[in-house]
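Chain and residue survey
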Amino acid sequence: MVYHFGLIGYPLNHSISPLIHGEFLKMHGLQGDYQLIPIPDDDQKDWKFRQIIQKLKTGELDGINVTIPYKQSLLPYLDGLSGDARLVGAVNTVYRSNGKLLGENTDVGGFLTDVQRLVDLKSSGSGLIIGAGGAARAVAVGLIQNGWQVNVAARRIAQAQQLAENLSERIQKYSSIPSPQIRVFDLLQFQTILTELSNQLKLIVNCTPIGMLGKASRRIFPPGVLINKEVRVYDLVYNPPETDFLFEAKQYGLQGLNGMGMLLEQAARSFEIWTGLTLSRPLSNLYTLLTEGAR
Ligand code: NAP
């Protein structure tokens, strides 16, 4: 069998997903390809989505990943959601199951697997998520599943409020987890947030594109911030390997990790869903290859 996978989103020019999935195929001695399918957010979008859906239904495509800005807008085209996607309300993986097209969200599991290199998830605490978009929702769900208290700081507080309300509803509807109390903050009030969360705060996760290659540099911490050195930072951004946020955090003596491990783990989960195969862990050789490639 020759597998055909793809990625929809826009823009896609920096994506390393074809390289990652090419390595996964090699690891199992399989034939296949992973195409980048850029879809600009214009009036052709609906027609293009329908074409992709048709290809998935007929087997011309065996599965797709979905990235910015379509993780939520693709939902109406699918027959249903499974697992974590029901809690998050956004998908990054589409697959065929018994003739139906289902959406899953492997960002949750990808994040949880990788962040454990930095914090002990079992000893729950308080996490602060920066940003309130699709990835923030996945990170919030992952921390809540592990009994963490979640706080979200965004530049548009209305977006953070909407995230908090929507996730609470979804978690209540689709899981047996007690309804979470997600606190929301204005990102500009950073020192106030730290003071309020005090020594409960164990982890800060950047879920914005701040510090991504090609984006203007911007600080997350205000100058002279007072922060407990035990706090760990995780940046979903992975290119460059030492992101602006990790660099800033280092100045305050904080340990951190970039999102390359999460990228790899979420991709591995998508591959396993599409093929029904299991990739042998750890994926450290591939991690090294990608990390060296990004330097
Ligand atoms: P998204 O849905 O577009 O959300 C981005 C969030 O960041 C929004 O809340 C946005 O606020 C905020 N934001 C953007 N620029 C900002 C700035 N300069 N200052 C403050 N807030 C800002 O994107 P996403 O899907 O959540 O992805 C976020 C980042 O995570 C991207 O860089 C993506 O590549 C990365 N990511 C990495 C992985 C991985 O596996 N490592 C997985 C998923 C995502 P506004 O709405 O106000 O702009």
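Here is what the cut-offs are and how they apply
Residues numbered from 1 in each chain as written. Predicted model: local features only at pLDDT ≥ 70, side-chain atom pairs only at ≥ 80, totals over all residues. Heavy atoms only, no water. Phe/Tyr/Trp six-rings, centres within 6.5 Å; stacked < 30°, edge-to-face > 60°. Buried < 20%, exposed > 50% of the residue type's maximum accessible area, 1.4 Å probe, protein only. Salt bridge = Lys/Arg side-chain N within 4 Å of Asp/Glu carboxyl O. Helix = DSSP H or I, 4+ residues; strand = E, 2+ residues; numbered from the N terminus. Pairing = 2+ DSSP bridges. Right-handed = clockwise from strand over helix to strand, strands pointing away. Contact = heavy atoms within 4.5 Å.

As a further point, take the packing of aromatic side chains. Taken as a whole, this structure holds 11 aromatic pairs when the rule is applied. Both rings, one in Tyr3 and one in Phe5, keep their centres 5.5 Å apart while their planes meet at 25 degrees; by these two values the pair is stacked. Take Tyr3: its relative accessible area is 10%, and that puts it in the buried class. Counting every residue linked through ring pairs, the aromatic cluster contains Tyr3, Phe5, Phe24, Tyr34, Phe271 and Trp274.

A word on the pattern of salt bridges. Following the criterion strictly, the structure yields 11 salt bridges and no others. Among the salt bridges present, the one from Arg281 reaches Glu272, with a minimum N-O distance of 2.8 Å. Taking the relative accessible area as the measure of exposure, Arg281 reaches 37% and is therefore partly exposed. Because the salt bridges share partners, they merge into one network encompassing Glu265, Arg269, Glu272 and Arg281.

A word on the pairing of strand E11 (residues 232-235). Each regular strand shows side chains that alternate between the opposite faces of the sheet. The alternating pattern of E11 places Arg232 and Tyr234 on one face and Val233 and Asp235 on the opposite face, and all of these are buried. Examined bridge by bridge, strand E10 (residues 201-206) and E11 share four bridges and lie parallel to one another. Counterpart to Leu203 in the pairing with E11 is Arg232. The pairing of E11 with strand E12 (residues 256-258) spans three bridges and is parallel. Bridged to Asp235 within E12 is Asn258. What joins E11 to E12 is helix H8 (residues 244-251), and the crossover it makes is right-handed.

Another point: the environment of Lys71. With respect to the helices and strands, Lys71 occurs in the loop between strand E3 (63-66) and strand E4 (80-81). If we ignore the near neighbours within four places in the chain, the residues touching Lys71 are Val66, Ala90, Val91, Asn92 and Asp107.

Now for the sheet that holds strand E1 (residues 2-9). An order of E2-E1-E3-E5-E6-E4 is seen for the six strands of this open sheet, with the pairing classed as mixed. Single-partner strands in this sheet number two, and they are strand E2 (31-38) and E4. In this sheet, E2 lies alongside E1 in parallel orientation, the contact comprising eight bridges. Its bridge partner lying in E2, Gly9 is registered against Pro38.

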